[in-house]
Every structure is written in structure tokens, then in C-alpha cells.
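# Structural overview for review
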Amino acid sequence: MEKIFLKGNDAMAEAAIRAGCRFFAGYPITPQNEIPEYLSKRLPEVNGVFIQGESEIASISMVYGVASTGIRSMTSSSGPGLCLKTEGINFLVAAEIPAVIIDVMRAGPAIGGIQPAQQDYTFITGGAGPGGVRCFVLAPYTVQEAVDLVYEAFDIADKFRNPVIVMVDGAIGNMMENIILPELRELDTLPQHEDWKITKRDADGKARIIQTYIHSVIGLEEANKRMAEKYKIWEDYEQRYEAIMLEDAEIVVTAYGIVARMAKAAVKELRKEGIKVGMIRPIAIYPFPKKAFDSLDYGRVKQIWDIELSIPSQMFRDVDYTVRGRAPVYQLLRSGGMMTSKESIIKAIREKALEGENYE
Amino acid sequence: MNKVYEKPKLIPADLSNSWCPGCGHGTIHKLIANTIDTYRMKEETIMISPVGCGTMNTATGWFDCNSVACAHGRASAAAYAIKKCYPDRLVFAYQGDGDLASIGMAETIHTANRGGNLTIIFVNNGNFGMTGGQMAPTSLIGQRTTTSQEGRNFKDHGNPIGVCELIATLEMPKYVVRVSLHDAKHVIQTQKAIEKAFRMQSEGKGFSFVEVLSPCPTNWKMSPVESMKHINDVVIKTYPLGVFKEDK
Amino acid sequence: MAKIIISENLCKGCSLCVTQCPKNIIKISNKINSKGYTIAEQTDDTQCTGCTLCAIVCPDSAIEVYK
């Protein structure tokens with residue numbers, strides 16, 4: 001298949017089209033403007049609809065409406081815009097409507113900066129708004145993976161009738177890499193949602209109503225339980241991660257997104273020095289890859305390193321909770337648009353490795 | 001020789017602003033600074049800043065005016081509330097097309113409807129400047145932007161919104177005016193409009209709204225001189241200048 | 001008698017003053033300032049009337065007028 005040299009944002013937009021996305025609504029915000037700009041031209045080419053909403057809230061509301069008719073729909077933004085979208089995402093979750101949301105992360109909080117960061121972790125994985133509900137969250141680390149995950153996100157969304165967030169940092173959104181684009185899906189090969197979309201009636205002729213208000217208290221509790229069961233299924237069957245050189249690792253590094261690339265390179269170099277480092281790279285960050293951490297032999301693994309572009313740390317809390325004291329978890333953090341270097345990772349691990357117990 | 005035109009005191013004499021050459025924000029800030037200087041309102045003025053190019057130099061402290069920068073579109077709401085709590089201060093919101101007419105449209109209408117003695121200064125340059133030139137509610141029919149690459153068209157995007165026309169239908173606004181920056185004569189008119197608006201506020205005479213047709217040479221892909229000509233020849237046809245409401 | 005002083009530091013060479021001068025005595029010079037802008041200059045102050053139109057249009061408050 002032919003490789004094409006594309007910018008992350010453009011590539012993700014094209015991946016959505018190939019997945020059968022035929023509706024997009026969004027609003028300008030750095031560093032993701034290429035996504036609405038690309039789709040404003042591309043969607044009409046495939047008889048899709050593009051709307052530049054008057055705000056991020058209007059845009060997610062438009063997605064909520066169109067997605068309830070069974071059309072694959074998407075919106076994108078950055079941290080401050082995702083904040084505004086929380087209400088609409090909460091509604092998608094409650095109404096069990098599939099959609100894809102791309103968060104191209106910038107430094108925060110608030111207007112913050114326009115440089116890449118990983119400061120949306122807790123907000124995106126922990127909060128699909130009130131109600132204790134969640135989105136499925138994917139975190140690609142290359143432009144190719146961003147393409148593949150956006151493409152797959154629509155299928156995951158349909159399978160679980162839940163919004164999926166693809167959380168990518170501004171570096172991946174703006175870098176250009178050689179990629180292979182996936183096949184263009186024919187719309188009639190996609191799930192047709194005959195059983196719930198509001199453009200059809202039920203088999204018995206009854207009208208379909210999508211509503212997030214549940215009058216019966218027992219009924220609402222049942223609905224809440226169904227959500228909890230969904231997340232259990234994700235936890236049991238849908239964890240995604242990449243395991244790198246874990247078999248004999250004594251030190252395990254964990255990182256996602258752009259920083260995972262520096263971390264991977266650092267791991268390979270440290271190995272050359274004889275330091276037995278391995279890596280767990282979360283690909284889905286919700287559900288968190290607990291199995292990867294539980295699969296480690298803590299008799300051999302003496303240190304876990306959490307490497308993220310966020311101060312205060314965010315993924316650290318999930319790592320620490322998952323490890324449950326079986327090994328100390330160290331942090332290597334940069335923030336505000338600053339970028340972790342491979343060299344700083346090597347230096348930190350090498351220094352700690354020399355002072356660590358039981359290390360030979 | 002005497003100095004007959006000097007730089008406004010609120011703007012540093014030797015520190016340049018970071019707007020593009022020919023950008024209207026520099027001119028409008030100068031006019032606001034002149035007004036505050038003339039009427040000695042420096043201590044009592046509070047400016048509410050937007051998200052967009054308009055906030056860029058306030059954020060760095062270049063403009064010597066107390067200010068608070070709001071979330072995108074919310075400046076008028078915050079400004080109204082501040083004025084309500086501090087009726088004796090000069091309070092104004094300074095917003096661009098995205099902030100005032102897109103994401104902030106609900107706040108704009110409700111603030112104008114509540115009125116009070118607030119002033120809003122609206123910088124209309126027909127695009128989202130800071131983020132690279134996307135289409136705005138104020139972009140002209142036929143205007144090519146990064147999200148209307150074939151040009152804005154009525155069928156898909158509706159007409160450009162005349163905010164003055166909209167605001168003037170409400171009861172509370174007492175002075176609603178559209179001015180322009182395209183030549184010295186019109187810059188002087190803009191100065192006068194801002195002075196009148198601020199004076200009205202100080203005299204408790206009601207809500208004022210000043211819309212300024214402003215150039216964006218970078219995203220219009222024109223030189224500053226061409227941009228001014230564009231306002232005179234083209235933009236004014238969609239956005240006629242004049243007073244839309246004036247209580248005597 | 002009148003003249004203008006254009007701040008080398010503040011001028012961005014936008015040329016608005018050039019177009020507004022009724023005597024056509026402001027031109028873009030060959031001088032490039034520290035920010036890389038080719039700045040404006042008054043070519044003949046004997047004709048300057050101190051009308052201040054140049055200073056009025058300047059977006060950068062770069063012009064002072066003396067009379």
C-alpha cells in the first residue's frame with residue numbers, strides 16, 4: 001500500500017472519513033485547526049456535512065443530534081474546548097450514542113499555552129461529566145497509530161454505544177510522518193443501528209425517543225448499573241497496551257503519546273549499557289492497562305517510572321494505584337509545553353538504578 | 001516646536017506591540033488609550049479582554065489598564081457583572097468576531113438586553129484571526145477562509161451577521177454605532193465614537209456598543225494598504241457605517 | 001514649520017502613513033529595524049504642515065508630530 005506524508009491532524013481527519021464519518025462539527029482552537037479546515041473541504045466530497053459550530057458546546061450538541069440518527073459523527077478540540085464539550089459528552093454517554101471526539105492536547109490549565117502537553121489525562125479519563133460515567137480513551141503515539149486508532153474508534157463507539165475520545169498531544173497533531181491510510185469503508189458495510197436510531201420506529205410502530213431523564217428511581221439505578229457493567233467489560237476484555245522488553249525487566253518505564261517515543265528510545269539505549277529496562281506503553285488509557293502491571297514479576301521488577309508531560313502528575317495516580325506498593329513508582333515530569341528528552345530519561349534511570357537496592 | 005501629537009500614556013513609548021503590521025487592534029488600543037488619557041480615567045478603568053488577537057498585548061502588560069481576560073465569548077457577561085458591582089468605574093469589554101458573535105453570541109445578546117451602563121467595543125475583521133483565519137459569523141459572502149475554502153455562501157452559511165443591527169432592536173442599548181479604520185478621517189470618527197461611549201458610561205446614560213470595521217492583512221492575504229481599501233470598497237457594503245441607535 | 005519623528009523601534013513599515021500624507025512626503029525607507037521591518041521616513045519636512053493624519057492612522061503609535 002502506498003505511503004503518504006501527512007500531518008497528524010490532517011491524517012486523523014482523513015482516517016475518520018475512511019471510517020465512514022459523514023458529519024463533523026467543530027470550532028477553531030489551536031493546535032487542532034487543521035482538522036475542521038481539512039474536513040470543511042473533504043466532507044462535501046463524500047456527501048458528508050461539515051458545520052463550523054458557533055462554539056464547542058454548539059458543536060458537540062450538533063454531534064449529539066446527528067449521531068442519534070445513526071450517522072458516524074465526530075468533533076475535535078483541545079483542552080479548553082473539551083471542557084465546554086463535557087456536557088454534550090455526558091449526554092452522549094447517558095443516551096448511549098456513539099461518537100468520536102479528538103482532543104489535541106495543549107499546555108494548560110485554561111488558555112495556558114499552545115505547545116503540546118499531556119495535561120488532560122485526569123479530565124479526559126476520569127470525567128465524562130457527572131454521573132460517574134466514562135468514555136473509552138485511546139492515546140496514540142505516532143501519526144500512523146493516530147490514524148489507526150481514529151479509524152477503529154468509530155467501531156468501538158458503535159460496539160459499546162459510547163463516545164470514544166482519541167487523546168493526542170499537539171506534537172503528534174502537528175508533526176508529519178509517512179503513513180498508510182486505511183481502506184475507505186462503504187457506508188452500507190457499517191452497523192446500521194436499526195434498533196435505536198431515531199430515523200426509524202420500533203418494530204411495533206412505536207416512536208423512538210432519546211432521552212437522558214429517567215423518571216423512575218429504580219430505573220435510573222438500573223441504567224447506572226448497566227454503565228458499570230459496560231466499564232467492567234472494558235476492563236476485562238478491552239485493555240490495550242504495548243509491552244516492550246518486559247520478560248527480564250528490572251526497571252519498568254511507562255509513558256504514552258509523544259513521550260513514549262523518547263521513553264522507548266531511552267529503554268533501548270539503557271539496555272545497551274546492560275540496564276534491564278522494559279516499558280509498558282498504554283494505548284487505551286481508559287480502560288487503564290492494569291493487566292500489564294499485574295503481569296510483572298515484582299520479585300524481579302524493582303522500580304516503575306511514570307513519565308508524562310504533566311506537572312502535577314496525572315497518570316501517576318493510576319500507575320501507583322495499580323502497582324499497589326509492589327514496587328516504588330518514580331516520576332519524571334515536564335509540563336507547560338516543555339518536552340522530556342531521551343537523555344533526561346536515561347540520566348534519571350541510570351542515576352536511580354545505581355542507587356537502587358538489589359541492583360547488580 | 002511644540003509636540004502636537006504624542007503617544008498615548010497607556011502605551012509604552014518604546015515597546016512595540018506584537019500585532020501584525022497594519023492590524024486594527026493597535027489603532028483601536030491607541031484610541032482607547034487616548035480617550036482614557038484625555039478624560040483622566042486611568043485609575044478607574046477596568047478592561048475585560050477576550051480570547052483572540054485582541055488579548056495578545058494586554059496579556060503581557062503592554063497596555064497600562066487593569067484588566068481580566070475571560071474564557072472565549074464570556075467577556076460581556078463578566079463585564080456586565082463587574083459594572084453592576086462597581087457602578088462608578090469605567091468598565092468595558094473588548095472583543096473580536098469569534099468572541100462576541102460566535103461562541104459569545106448568547107452572552108452578547110443578554111448583556112445588551114440587560115444593558116446597564118456598560119460599553120462593549122467590537123472589533124470586526126471578518127475572520128478568526130488568532131487561530132489562522134477560519135470563517136467567522138461576520139465573514140463576507142464569497143470570502144475565502146480556511147473553513148470556507150470555496151468562499152462563504154448563503155445556502156450553507158447564512159448571511160454575515162450585523163451585530164449592530166441586531167443589538168439596536170433591543171430596548172436597553174442607548175448608543176449603537178458602526179465605525180471604521182480605513183483612513184484618517186474614519187479613525188477620527190472611531191475616536192469620537194469611543195469617547196462618546198465612555199462619556200455616556202461616566203454620565204450614567206446607558207449601554208453603548210461600538211463596532212469597528214478593522215483590517216486583518218495577514219488572513220485577508222492583503223497588504224495593510226490594500227486591506228484598508230478593501231474595507232472602503234467591499235466590507236462597508238455589507239456593514240454600512242453609521243449610528244443605529246442614539247438616545248438624545 | 002512642522003515635522004514628524006517616526007520611532008524606528010515601533011514602526012512596522014505598514015505604509016498606512018505613506019498613503020494618508022496629503023503632501024506625499026512619507027516613504028518607506030531602505031532602513032530595516034531590529035525586528036526586520038523596513039520602516040517609514042519623512043522625506044521632506046519643509047513641506048510638513050503638522051496635519052497629524054499620519055500619526056492618527058499609525059497602528060503602532062510610532063509617530064510624534066511637532067509644530
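Residues numbered from 1 in each chain as written. Chains lettered and ligands numbered in written order. Predicted model: local features only at pLDDT ≥ 70, side-chain atom pairs only at ≥ 80, totals over all residues. Heavy atoms only, no water.

All names here are of chain A. Assigned domains within chain A: domain 1 (3-237) and domain 2 (241-353). Domain 1 and domain 2 are separated by 28 Å when their C-alpha centres are compared. Contacts between the two partners involve 34 residues from domain 1, matched on the other side by 30 residues from domain 2. Here domain 1 and domain 2 share an interface that buries about 2,500 Å² over both sides, 53% of which is from carbon and sulfur atoms. Taken as a group, Gln 118, Tyr 121 and Tyr 141 account for 34% of the area that domain 1 buries against domain 2, more than any other trio of residues on that side. (Domains from an automatic or database assignment. Contact = heavy atoms within 4.5 Å. Buried area = accessible area lost by both parts, 1.4 Å probe.)

With that settled, consider the interface of chain B and chain A. How big an interface is tends to be reported as the loss of accessible area on association of its parts. Taken residue by residue, the interface counts 14 residues in chain B and 18 residues in chain A. Both sides together, the interface formed by chain B and chain A hides about 1,200 Å², and carbon and sulfur atoms give 56% of it.

Residues and elements named next belong to chain B. Of all six residues making up strand S5 (residues 119-124), six are buried, and the element is well covered by its neighbours. What you see with S5 is no split at all: Thr 119, Ile 121 and Val 123 on one side and Ile 120, Phe 122 and Asn 124 on the other are buried throughout. Bridge count for strand S4 (residues 90-96) against S5 is five bridges, and the pairing is parallel. Note on S5: the bridge partner recorded for Phe 92 is Thr 119. (Buried < 20%, exposed > 50% of the residue type's maximum accessible area, 1.4 Å probe, protein only. Helix = DSSP H or I, 4+ residues; strand = E, 2+ residues; numbered from the N terminus. Pairing = 2+ DSSP bridges.)

Let us look at helix H10 (residues 224-238) of chain B. Along an α-helix, a turn takes 3.6 residues, which lines up residues three or four apart on a common side. Counted at 1.5 Å a residue, the expected span for H10 of chain B with its 15 residues is 21 Å, and the 20 Å between its end C-alpha atoms agrees. Helix geometry: H10 of chain B is bent most strongly at Ile 231 of chain B, by close to 45°. Listed in full, the buried residues belonging to H10 of chain B are Pro 224, Ser 227, Met 228, Ile 231, Val 235 and Ile 236 of chain B. The secondary structure elements touched by the buried residues of H10 of chain B are strand S6 (173-180), strand S7 (207-213) and helix H9 (217-220) of chain B together with helix H1 (16-20) of chain C. (Expected span 1.5 Å × (residues − 1). Bend = angle between axes of the 7 residues up to and from the residue.)

All names here are of chain A. All of the buried residues in helix H11 (residues 315-323) are Met 315, Phe 316, Val 319, Thr 322 and Val 323. In an axial view of H11, the angular spread of the buried residues amounts to 135°, which keeps them on one side of the axis. Of the exposed residues in H11, those oriented more than 90 degrees away from the buried face are Arg 317 and Tyr 321. Packing partners of the buried residues in H11 comprise helix H5 (121-126), strand S10 (251-254), strand S11 (277-282), helix H10 (290-294), strand S13 (303-308) and strand S14 (329-333). Just downstream of H11 lies Arg 324, where phi reads positive at about 50°. (Arc of directions from axis to C-beta.)

A word on the packing of aromatic side chains. In the structure shown here, the tally under the stated rule is 16 aromatic pairs over all chains. Here the aromatic rings of Phe 136 of chain A and Trp 234 of chain A are separated by 5.1 Å at their centres, their planes lie at 70°, and the arrangement is edge-to-face. Here Trp 234 of chain A lies in helix H8 (residues 217-237) and Phe 136 of chain A lies in strand S6 (residues 136-138), a separation of 98 residues in the sequence. Assigned by exposure class, Phe 136 of chain A and Trp 234 of chain A land together as buried. One aromatic cluster in this structure is built from Phe 136, Phe 160, Tyr 231, Trp 234 and Tyr 286 of chain A. The lysine or arginine in question, Arg 324 of chain A, covers the ring of Tyr 321 of chain A, its NZ or CZ lying 5.0 Å from the ring centre. The ring of Tyr 175 of chain B has Lys 196 of chain B sitting right over it, with the charged end atom 4.9 Å from the ring centre. (Phe/Tyr/Trp six-rings, centres within 6.5 Å; stacked < 30°, edge-to-face > 60°. Lys NZ or Arg CZ within 6 Å of the ring centre and 35° of its normal.)

As a further point, take the sheet that holds strand S1 (residues 3-6) of chain C. Taken in spatial order, the three strands line up as S1(B)-S4(C)-S1(C) in an open sheet, and their pairing is antiparallel. Either end of the sheet is taken by a strand with one partner, and the two such strands are strand S1 (3-5) of chain B together with S1 of chain C. With direction set aside, neighbouring strand axes in the sheet form an average angle of 35°. The pairing of S1 of chain B with strand S4 (residues 63-66) of chain C spans two bridges and is classified as antiparallel. (Axes fitted to C-alpha atoms, helices over the stretch in contact; angles between N-to-C directions.)

Residue and element names in this part refer to chain A. Within the open sheet, the seven strands sit side by side as S3-S2-S4-S5-S7-S6-S12. Their pairing is mixed. Two strands lie at the open edges of the sheet, namely strand S3 (49-52) and strand S12 (284-286), each paired on one side alone. Ignoring which end each strand starts from, the neighbouring axes of this sheet average 20° apart. Where strand S2 (residues 23-26) lies against S3, four bridges are found, and the strand directions are parallel. Counted as the bridge partner of Gly 26 is Gln 52 from S3. Across the face of the sheet, helix H3 (residues 56-67) comes into contact with S2, S3, strand S4 (73-77) and strand S5 (99-105) while running at roughly 165° to S4.

This paragraph deals with the state of the cysteines. Residues and elements named next belong to chain C. For the coordinates displayed, the defined rule picks out zero disulfides over all chains. A disulfide-free cysteine, Cys 14 has its sulfur positioned 6.2 Å from the sulfur of Cys 17, the nearest such atom. Of all cysteine sulfurs in the structure, the one in Cys 54 sits closest to Cys 51, which takes part in no disulfide; the separation is 6.1 Å. Relative accessible area serves as the criterion here: at 34%, Cys 51 is assigned to the partly exposed category. (Disulfide = S-S within 2.5 Å.)

The subject of this paragraph is the environment of Thr 190 of chain B. All names here are of chain B. Note on placement: Thr 190 falls in helix H8 (residues 184-202). Its relative accessible area of 0% is what places Thr 190 among the buried residues. For the pair Thr 190 and Lys 221, spaced 31 residues apart in sequence, the C-alpha to C-alpha distance is 25 Å. Beyond its immediate sequence surroundings of up to four residues, Thr 190 is in contact with Leu 31, Val 179, Ser 180, Leu 181 and Val 212.

Further remarks concern the packing of helix H3 (residues 75-85) of chain B against helix H5 (residues 105-114) of chain B. Residues and elements named next belong to chain B. As a packed pair, H3 and H5 sit with axes 8 Å apart at the nearest point and diverge in direction by 25°. If you check the angle between H3 and H5, you find them roughly parallel. When the axes of H3 and H5 are compared, the crossing they make is left-handed. Across the interface between the two elements, Ser 76, Ala 77 and Tyr 80 from H3 touch Glu 107, Thr 108, Thr 111 and Arg 114 from H5. Split by residue class, the contact of H3 with H5 holds two nonpolar, three polar and two charged. (Parallel < 35°, antiparallel > 145°, perpendicular 65-115°, else oblique. Left-handed = near helix turned anticlockwise from the far one by under 90°. Nonpolar A, V, L, I, M, F, W, Y, C, P; charged D, E, K, R; others polar.)

By the secondary structure assignment, Lys 83 of chain B is in helix H3. Ignoring sequence-local partners within four residues, the contact set of Lys 83 of chain B consists of Arg 89, Val 91, Asn 117, Leu 118 and Gln 201 of chain B.

For the rest of this paragraph, the subject is the layout of surface pockets. One water molecule sets the probe size; rolling that probe over the atoms shows where empty space is left. Each pocket or cavity is described by its volume, and for the second largest pocket that value is around 690 Å³. Lining of the second largest pocket is provided by 31 residues; of these, Phe 50 and Gln 52 of chain A together with Met 135, Asp 156 and His 157 of chain B occupy positions nearest its centre. Counting only elements with at least two residues in the lining of the second largest pocket, the list comes to helix H2 (34-45) and S3 of chain A together with helix H4 (97-102) and helix H6 (154-157) of chain B. Residues that form the lining of the second largest pocket fall into these classes: twelve nonpolar, 13 polar and six charged. (1 Å grid on protein atoms, 1.4 Å probe; cavity = no way out; pocket = protein on both sides within 12 Å on 5 of 7 lines; lining within 4 Å. Points joined across faces, edges and corners; volume = space filled by probe spheres on them.)

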